[in-house]
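Reading the structure
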Amino acid sequence: MSDETATAPTTGTTTPATVTTARGDRVTYDLRGTGPAVVFVAGAGPFRAVDPVTTRTAELLAEAGVTTVVFDRLGRGDSPAAGRLDLDRELDAVAAVLDVAGGPAVLCGHSSGCAISLRAADRGLPVLGLALWEAPLESGAEETAAWAAEIERRTDAGDLEGATEHFMKDMPPEWLAGAKASPDWPAIAASVVSQRADAQALAWATRALHDGGLSGLDVPLLAMTGEQTFPGMPEAARALAAAVPDGTAETVPGADHSWDPEAMADRLARFVLE
């Protein structure tokens, strides 16, 4: 892996940089701060240009003495990638940005990014801890596996709108309705190719949660949900915390599947620095 045009400002505005993965994919990221590191792993859809909440959280953490890395996942934003964007390829991207962070780091996953973070730790990547926001692991293992397989089937068939609709089938219906009513719907549907990794990770994590496969994770895990969240999320967080040797489930200010940047930065700083 090689780091290119990298910068390391302490806080505030940062210049994007790129890193090349072991497979030759170029990943764009923002690096801030100095100190122990947090790498943010987005869920399905978000990337740096449309995610001011994560950017603000990273800025606040940098001010608190934490190195932060926010990156565009493969096939999104400034990390264009073609071909089959599966979980193994995404984990190579995570490995590359962990290297940018300067070594072992805490992974902060959001939504399906939690499952990718869990798999990264399970694979032996240099992960010091897991801070997971509203991991959607409330469904059964067989149900999730079938859901993921159908997303892959539709994607492989070129039915990107159908794959997107299926990915979102258990989300609040107004989310899908709003996406389909947006002039950006074609672009939203096209981006489902980057969500194959999310589907695969969620299928793996749900199975591991139910069959004891997470019991070998030897890093601290903080499973968080917002004060206003969806049915099943708090229960999933508690189950996740109970499934690992060193797990905690907490409620943190946030709503509608998103966190409050100030509260999240404070909690992450304590998690990392302690």
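Computed from a predicted structure; not experimentally measured. (Residues numbered from 1 in each chain as written. Predicted model: local features only at pLDDT ≥ 70, side-chain atom pairs only at ≥ 80, totals over all residues. Heavy atoms only, no water.)

The next point concerns unusual backbone geometry. The backbone of Ser 111 shows a phi angle near 55 degrees, a positive value even though the residue is not glycine. Structurally, Ser 111 is set in the loop between β6 (105-110) and α3 (112-122). Owing to a relative accessible area of 13%, Ser 111 belongs among the buried residues under this scheme. For His 257, which is not glycine, the phi dihedral falls at a positive 75 degrees. Looking at the element boundaries, His 257 is found in the loop between β9 (247-255) and β10 (258-259). (Helix = DSSP H or I, 4+ residues; strand = E, 2+ residues; numbered from the N terminus. Buried < 20%, exposed > 50% of the residue type's maximum accessible area, 1.4 Å probe, protein only.)

Within α3, 10 of the 11 residues are buried, which leaves it mostly tucked inside the rest of the structure. All of the buried residues along α3 are Ser 112, Gly 113, Cys 114, Ala 115, Ile 116, Ser 117, Leu 118, Arg 119, Ala 120 and Ala 121. In the stretch just after α3, Gly 124 is the one whose phi turns positive, near 90 degrees.

Here we come to the environment of Gly 247. Structurally, the position occupied by Gly 247 is in strand β9. Look at Gly 247 and you get partly exposed, because its relative accessible area is 29%. When the C-alpha positions of Gly 247 and Gly 65 are compared, they lie 24 Å apart, and in sequence the two are 182 residues distant. Leave out the neighbours within four places in its chain, and Gly 247 touches Leu 221 and Ala 241. (Contact = heavy atoms within 4.5 Å.)

Turning to the pairing of β6, a few remarks are in order. In terms of burial, β6 is a largely internal element, 6 of the 6 residues being buried. Note: strand β4 (residues 37-41) against β6, 4 bridges, orientation parallel. Among the inter-strand pairings, Val 39 is bridged to a residue of β6, identified as Leu 107. In terms of strand pairing, β6 meets strand β7 (residues 127-133) through 6 bridges, oriented parallel. Bridge pairing in β7 places His 110 opposite Trp 133. (Pairing = 2+ DSSP bridges.)

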